[in-house]
Amino acid sequence: MKLAEHLASPNVAALSHSNKLDDIRLSPHFTLGEMTKTSTGLPNVPNEAQVKNLIRLCSWLEMLRDEWNRRYGGSDAPAPSNSPKGEDDGDPIIVTSGFRSPAVNKAVGGVSTSNHLTGCAADIRVAGFKEALRKAVILLDISDESGEDFDELLIEHNRRGSYWIHFAVRPPTQGNRRKVRFIYA
Ligand SMILES: [Zn+2]
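These remarks concern the structure in this document.

Calculation notes
Residues numbered from 1 in each chain as written. Predicted model: local features only at pLDDT ≥ 70, side-chain atom pairs only at ≥ 80, totals over all residues. Helix = DSSP H or I, 4+ residues; strand = E, 2+ residues; numbered from the N terminus. Expected span 1.5 Å × (residues − 1). Contact = placed C-beta atoms within 7 Å. Buried ≥ 20, exposed ≤ 12 C-beta atoms within 10 Å, placed from the backbone. Axes fitted to C-alpha atoms, helices over the stretch in contact; angles between N-to-C directions. Parallel < 35°, antiparallel > 145°, perpendicular 65-115°, else oblique. Left-handed = near helix turned anticlockwise from the far one by under 90°. Core = buried A, V, L, I, M, F, W, Y, C linked by C-beta atoms within 7 Å. Pairing = 2+ DSSP bridges.

### Brief notes about helix α7 (residues 129–146)
Stage number 1. Look at α7: 26 Å from first C-alpha to last across 18 residues, which is about the 26 Å you get at 1.5 Å a residue.
Stage number 2. Buried residues belonging to α7 abut α5 (48–72), β4 (121–125), β5 (152–157) and β6 (163–168).
Stage number 3. At the C-terminal side of α7, G147 shows a positive phi close to 75°.

Listed below in structure tokens is the structure:
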């Protein structure tokens, strides 16, 4: 496509692959790219309200990161490729799925009411059941100590024995249910 034509018809798919957008920081350790990544190849660009929800969620992920490192940090695990260059301030929190457009959510088998659709949910990687419990406890403690509510704190696992945490925070006006569950996905 010629440049003029491209400029005349900017599309969402092109935007979603812009490195510039991906590099936008939503909090000190989380970028828009990390919170919108998808292996489906489908467009996955949040609107302004959804980005605001992601920013709220990332503030919880930062608190989780701080507290995880205070309690359990100092592991000898190699730094993952997504840790900021030149920084060595602890273990990262890895998000495997954050915001999902309706097309992405459908492709990955998400439910139609998923908090991922509004940018309110993130799936957090854990090494196993013990790490899932420890991270879940930290999130509960953060909620108790801050007085801030969350919507969902789910420890999920699948038939392959993989565990992850699905954590969601909605805008206060939409009601946060403090739903805590084990889920077999
Ligand atoms: Zn999830």
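### Some remarks on the environment of D151
Stage number 1. Relative to the helices and strands, D151 resides in the loop between α7 and β5.
Stage number 2. For D151, a count of 18 C-beta atoms within 10 Å translates into the label partly exposed.
Stage number 3. A C-alpha to C-alpha distance of 4.6 Å links D151 and R177, two positions 26 residues apart in sequence.
Stage number 4. With near-sequence residues (within four places) excluded, D151 lies in contact with N115, C120, A168, V169, R170, N176, R177 and K179.

### With respect to the packing of α5 against α7
Stage number 1. Relative orientation of the contacting elements α5 and α7 amounts to 120°, with a least axis distance of 10 Å. In terms of orientation, α5 and α7 fall into the oblique class. Handedness of the crossing formed by α5 with α7: right-handed. Every residue of α7 that contacts α5 at W60, M63, L64, E67, W68 and Y72 is listed here: R134, K135, I138, L139 and I142.

### Comments concerning the nonpolar core
Stage number 1. Ranked by internal contacts, the top residues of the largest apolar core, which has 29 residues, are M35, L57, L61, I124 and F167.
Stage number 2. Looking at this core, the elements with two or more residues in it are α4 (32–36), α5, β4, α7 and β6.
Stage number 3. The element contributing the most residues to this core is α5, with 7 residues.
Stage number 4. Residues within four places of F167 in sequence aside, it is in contact with A121, A122, I124, L139, F150, E152 and L153.

### Some remarks on the environment of E156
Stage number 1. Topologically, E156 is positioned in strand β5.
Stage number 2. Distance from E156 to Y184, taken between C-alpha atoms, is 5.7 Å for residues 28 residues apart in sequence.
Stage number 3. If near-sequence neighbours (up to four positions away) are discounted, E156 is found in contact with Y163, W164, H166, I183 and A185.

### What about the pairing of β5?
Stage number 1. Relative to β6, β5 runs antiparallel, the two being bridged by 6 bridges. Bridged to E152 within β6 is A168.
Stage number 2. In sequence, β5 turns back onto β6 through a hairpin of 5 residues, with G161 there showing a positive phi of about 85°.
Stage number 3. Pairing of β5 with strand β7 (residues 179–184) involves 6 bridges; the strand directions are parallel.

### Regarding the sheet that holds strand β3 (residues 95–97)
Stage number 1. The strand order across the open sheet formed by 5 strands is β3-β4-β6-β5-β7, and the pairing between neighbours is mixed. Of all the strands in the sheet, the pair left with one neighbour each is β3 and β7. Strand-to-strand, the axes of this sheet are offset by a mean angle of 30°, without reference to chain direction.
Stage number 2. Across 5 bridges, the pairing between β4 and β6 is antiparallel. Bridge pairing in β6 places D123 opposite H166.
Stage number 3. Across the sheet, α7 touches β4, β5 and β6, and the angle it forms with β6 is around 15°.

Purely geometric numbers; function is a separate question.
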